[in-house]
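Residues per chain, in single letters:
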Amino acid sequence: MKVILLQDIKGKGKKGQCIEASDGYARNYLLPRKLAVEANADNLNTMRMNDKAAQEKAAKERAEAMELSKKLKSVTVTVAAKGGGAGRLFGAVTSAEIAEALKVQHGVVLDKRRIVIDEPIKNTGTYTLKCKLGYEITGELTAKIVEQ
């Protein structure tokens, strides 16, 4: 019996895949537990439409990530932090502070988890940070840290 999987099933297949399963396995396990639906014409058409919509959504998100990457390259964000003089800061500048400053100064909303800081920023100066934007796209952001 051909079925379309609604969830990943170990050893059988991934969500959205059409597989051939034995009649007993499909009727007694997959269908009652809502892990799969029978592969009839309506369900196959629905699966194809969902795949097409998912591909279009992924392409749109990838394009937005590329656009954001280009925008971040030209942006310099200034973050003010408390310091003790001689260019040293009392604490470290976090990715949350950088994301908040980026939102306030340039109107770019970027999740703090996407900003990668290799080592803690504890001195004033200009730093180049990487931003993981998804779909294997990374952008570079310039952050200028100044003392308050």
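This text follows the structure it describes.
Residues numbered from 1 in each chain as written. Predicted model: local features only at pLDDT ≥ 70, side-chain atom pairs only at ≥ 80, totals over all residues. Heavy atoms only, no water.

1. A few points about the sheet that holds strand β3 (residues 36–38)
Line of reasoning, step 1. With antiparallel pairing, the three strands of this open sheet are ordered in space as β2-β1-β3. Two strands close off the open sheet at either side, each with one partner strand: β2 (18–20) and β3. Geometrically, the sheet is characterised by an average inter-axis angle of 40 degrees between neighbouring strands, direction not taken into account.
Line of reasoning, step 2. By the bridge criterion, three bridges tie strand β1 (residues 2–5) to β3 in an arrangement that is antiparallel. Across the sheet, residue Ile-4 finds its bridge partner in β3, namely Val-37. (Pairing = 2+ DSSP bridges. Helix = DSSP H or I, 4+ residues; strand = E, 2+ residues; numbered from the N terminus. Axes fitted to C-alpha atoms, helices over the stretch in contact; angles between N-to-C directions.)

2. Overview of the nonpolar core
Line of reasoning, step 1. Core analysis: the largest hydrophobic core is formed by 23 residues, its most contacted members being Leu-72, Val-93, Ile-98, Leu-102 and Leu-141.
Line of reasoning, step 2. Contributions of two or more residues to this core are made by α2 (41–73), β4 (76–81), β6 (88–93), α3 (95–106), β9 (125–134) and β10 (137–147).
Line of reasoning, step 3. Beyond its immediate stretch of four places on either side in the chain, Ile-98 contacts Val-77, Val-79, Val-93, Ile-115, Ile-117, Ile-121, Leu-129 and Leu-141. (Core = buried A, V, L, I, M, F, W, Y, C linked by side-chain atoms within 4.5 Å. Buried < 20%, exposed > 50% of the residue type's maximum accessible area, 1.4 Å probe, protein only. Contact = heavy atoms within 4.5 Å.)

3. Quick notes on the pattern of salt bridges
Line of reasoning, step 1. A complete count under the given rule lists one salt bridge for this structure.
Line of reasoning, step 2. Where Arg-113 meets Asp-111, a salt bridge forms, and the shortest distance between an N and an O atom there is 2.6 Å.
Line of reasoning, step 3. With a relative accessible area of 69%, Arg-113 lands in the exposed category.
Line of reasoning, step 4. For Asp-111, a relative accessible area of 30% corresponds to the partly exposed category. (Salt bridge = Lys/Arg side-chain N within 4 Å of Asp/Glu carboxyl O.)

4. What about the pairing of β4?
Line of reasoning, step 1. Residues Val-77, Val-79 and Ala-81 point to one face of β4 and are all buried, whereas Thr-76, Thr-78 and Ala-80, pointing to the other face, are not buried.
Line of reasoning, step 2. The sheet contact formed by β4 and β10 spans six bridges and is parallel. Within β10, the position partnered with Val-79 by the bridge is Ile-145.

5. Considering the sheet that holds strand β8 (residues 121–123)
In any sheet, the strands associate via hydrogen bonds between backbone groups, in a parallel or an antiparallel arrangement.
Line of reasoning, step 1. Spatially, β5-β6-β8 is the arrangement adopted by the three strands of the open sheet, whose pairing is antiparallel. Lying at the two open borders of the sheet, with one neighbouring strand each, are β5 (83–85) and β8. In this sheet, adjacent strand axes meet at a mean angle of 15 degrees when their direction is disregarded.
Line of reasoning, step 2. Pairing of β6 with β8, which is carried by two bridges, proceeds in the antiparallel orientation. Looking across to β8, one finds that Val-93 is bridged to Ile-121.

6. Notes on the environment of Ile-117
Line of reasoning, step 1. Looking at the element boundaries, Ile-117 is found in the loop between β7 (115–116) and β8.
Line of reasoning, step 2. Setting aside anything within four residues of it in sequence, one finds Ile-117 in contact with Val-93, Thr-94, Ser-95, Ile-98 and Leu-129.

7. Looking at the side chain of Ser-69
Line of reasoning, step 1. Considering the arrangement of structural elements, one finds Ser-69 in helix α2.
Line of reasoning, step 2. According to the relative accessible area criterion, Ser-69 is buried, its value standing at 14%.
Line of reasoning, step 3. Those residues in contact with Ser-69 that lie beyond four places of it in its chain are Leu-133, Ile-137, Thr-138 and Gly-139.

8. Observations concerning the pairing of β6
Line of reasoning, step 1. Where β5 meets β6, two bridges bridge the pair, whose relative direction is antiparallel. Bridge pairing in β6 links Gly-83 to Leu-89.
Line of reasoning, step 2. Taken together, β5 and the strand that follows it, β6, pair antiparallel across an intervening segment of two residues, in which Ala-86 is found at a positive phi of about 60 degrees.

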